[in-house]
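Spelled out, the chains give:
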Amino acid sequence: MATKKYNASLAPDLEFISRDTGLDVETLTEKAIREFIARYKLEKIRKEMRENVNWEYISKLPGRLQKGLFSLLDTGNLHIAADNAGVPIDVINVHRKKANIFMVVGK
Amino acid sequence: MKGVIDTCFLVDWVDYRRRDILKLIFDEVILLSEIEKEISDQKARKIIRNWMDERFMKFIRPSQRDINEAIELTTNSYLSTLIGEIHYADALIIAHAKNTGIKNIISENHAVLHLPEHHPLYMDVVVLTAGDIILHAAKMGYINVRSEDDFANILGEYQKETKRKYSTHFVQKLIKELKV
């Protein structure tokens, strides 16, 4: 693969991505960089959603609702959480609010 | 302007005190049958019924083309770290918005928000969040905003009422657009 020339100021970022992806800096493709950023954003969202969660409230819920809220914390997606809990989306949303789980929106 | 609405957005928006600004921004909002099925709350259903009676909200069954495309999109999303996991209901909204030429999606779902950036087929789709809708309303004078702080407070009020959290970057972007 042809060696790419990057702006020198990007070097530390590219090295960081290289360490994370296991790919050599010289062979980092645009797709690999975009994938890294996408994963980074999702990870950031997961982290922020876990802040201030009322774990005690979740622990008292029936197993399926717990499963739904855990999948919400993992995916950030209410549809997936409702499917996993086996309840309508507005029901899981009520438990989300009671469990103090904030939906993080970043555009 | 027309828009296709997502349940994740709708379930919180119906509880928002300024929910009627949606009617000032959009001429018509499309609610797909798959989306409507996901709502059980009586209050939400009543508001939806009222909006339908007012002909502001239109109930539509997705076409076979929308369904096929949604299945394909959902399947592919499992394979792509770039797009992330897309639920069938999200995919249906996206496919319908694209296939009908409506283009506007009202959603705050992470996967939906970032799909147009990464998927060449959906680059023309525009995803509007509550923040974008509040911004439009402020710019058009439907909400009385005298300063950046006023606007930030209104955004804060929405986030507090719905337990949603906008990234600092997104709030700054909205405030910047307000100035323009």
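Criteria and thresholds
Residues numbered from 1 in each chain as written. Chains lettered and ligands numbered in written order. Predicted model: local features only at pLDDT ≥ 70, side-chain atom pairs only at ≥ 80, totals over all residues. Heavy atoms only, no water. Contact = heavy atoms within 4.5 Å. Buried area = accessible area lost by both parts, 1.4 Å probe. Salt bridge = Lys/Arg side-chain N within 4 Å of Asp/Glu carboxyl O. Polar contact = N/O pair within 3.5 Å; in protein donor to acceptor, adjacent residues only side chain to side chain. Helix = DSSP H or I, 4+ residues; strand = E, 2+ residues; numbered from the N terminus. Nonpolar A, V, L, I, M, F, W, Y, C, P; charged D, E, K, R; others polar. Pairing = 2+ DSSP bridges. Core = buried A, V, L, I, M, F, W, Y, C linked by side-chain atoms within 4.5 Å. Buried < 20%, exposed > 50% of the residue type's maximum accessible area, 1.4 Å probe, protein only. Domains from an automatic or database assignment. Axes fitted to C-alpha atoms, helices over the stretch in contact; angles between N-to-C directions.

J.: Sorry, what's going on with the interface of chain A and chain B here?
T.: Quite often, the size of an interface is put as the accessible area lost when its parts meet. Facing 30 residues of chain A, the contacting portion of chain B comprises 38 residues. Across the chain A/chain B interface, buried area totals approximately 3,000 Å², and carbon plus sulfur atoms make up 55% of it. Counting the surface chain A buries against chain B, the share from its top three residues, His79, Val105 and Lys107 of chain A, is 29%. The tally of links from chain A across to chain B stands at 5 salt bridges. Notably, a salt bridge pairs Glu51 of chain A with Lys165 of chain B, separated by 3.3 Å at the nearest N-O pair. Applying the counting criterion to the chain A and chain B interface returns 21 residue pairs in polar contact (both at pLDDT 80 or more). Elements represented by at least two residues in the side of chain A that touches chain B include exactly α2 (30-50), α5 (78-85), α6 (89-98) and β1 (103-105) of chain A. If one sorts the elements of the side of chain A that touches chain B by residue count, α2 of chain A sits on top with 8 residues. Within the side of chain A that touches chain B, the residues separate by chemical class into 13 nonpolar, 6 polar and 11 charged. Where β1 of chain A lies against strand β6 (residues 164-166) of chain B, 3 bridges are found, and the strand directions are parallel. Counterpart to Val105 of chain A in the pairing with β6 of chain B is Tyr166 of chain B.

J.: Help me out: how do you make sense of the nonpolar core in this one?
T.: Nonpolar side chains tend to gather and get buried jointly when the protein is soluble and globular. In this structure, Trp13 and Leu22 of chain B are the most contacted members of the largest nonpolar core, which totals 82 residues. Once residues lying within four places of it in the same chain are set aside, the contact partners of Leu22 of chain B are Ile5, Trp13, Val29, Trp51, Phe56, Ile106 and Ile133 of chain B. Leu14, Ile17, Ala32 and Phe36 of chain A belong to the second-largest nonpolar core, a separate cluster that totals 6 residues.

J.: I would appreciate a short explanation of the domain arrangement of chain B in the present structure.
T.: Residue and element names in this part refer to chain B. Each domain of chain B was delimited in the assignment, giving domain 1 (2-128) and domain 2 (136-178). Relative to domain 2, the C-alpha centre of domain 1 lies at a distance of 22 Å. Taken together, the contacts link 13 residues of domain 1 with 12 residues of domain 2. Interface of domain 1 and domain 2: buried area, both sides summed, is about 1,200 Å²; carbon and sulfur atoms make up 52% of it. Counting across the domain 1 and domain 2 interface gives 5 salt bridges. We note a salt bridge from Arg17 to Glu157, for which the minimum N-O separation is 3.9 Å. At 4 residues, the largest contribution of residues to the side of domain 1 that touches domain 2 is made by helix α1 (residues 7-13).

J.: Would you explain the sheet that holds strand β5 (residues 126-128) of chain B in this entry?
T.: In sheet architecture, strand pairing relies on hydrogen bonds along the backbone and comes in two forms, parallel and antiparallel. Residues and elements named next belong to chain B. If you walk across this open sheet you meet the 5 strands as β3-β2-β1-β4-β5, and the pairing is parallel. The outermost strands of the open sheet, each flanked by one partner alone, are β3 (57-60) and β5. Strand-to-strand twist across the sheet, computed as the mean angle between neighbouring axes with direction ignored, equals 30°. Looking at chain direction, strand β2 (residues 28-32) and β3 are connected through 4 bridges and run parallel. Note that in β3 the partner of Val29 across the bridge is Met57.

J.: Is there a simple way to explain the pattern of salt bridges in this structure?
T.: Opposite charge on two side chains makes pairing possible when the charged atoms of those side chains draw close. Summed over all chains, the structure comprises 21 salt bridges over all chains. Between Lys97 of chain A and Asp12 of chain B there is a salt bridge whose closest N-O contact spans 2.9 Å. In this pair, Lys97 of chain A is assigned in helix α6 and Asp12 of chain B in helix α1, connecting two distinct chains. Of the two residues, Lys97 of chain A and Asp12 of chain B, both sit in the buried class. Residues joined by salt bridges that share partners form a network here, namely Arg96 and Lys97 of chain A together with Asp12, Asp15, Lys43, Glu108 and Arg164 of chain B.

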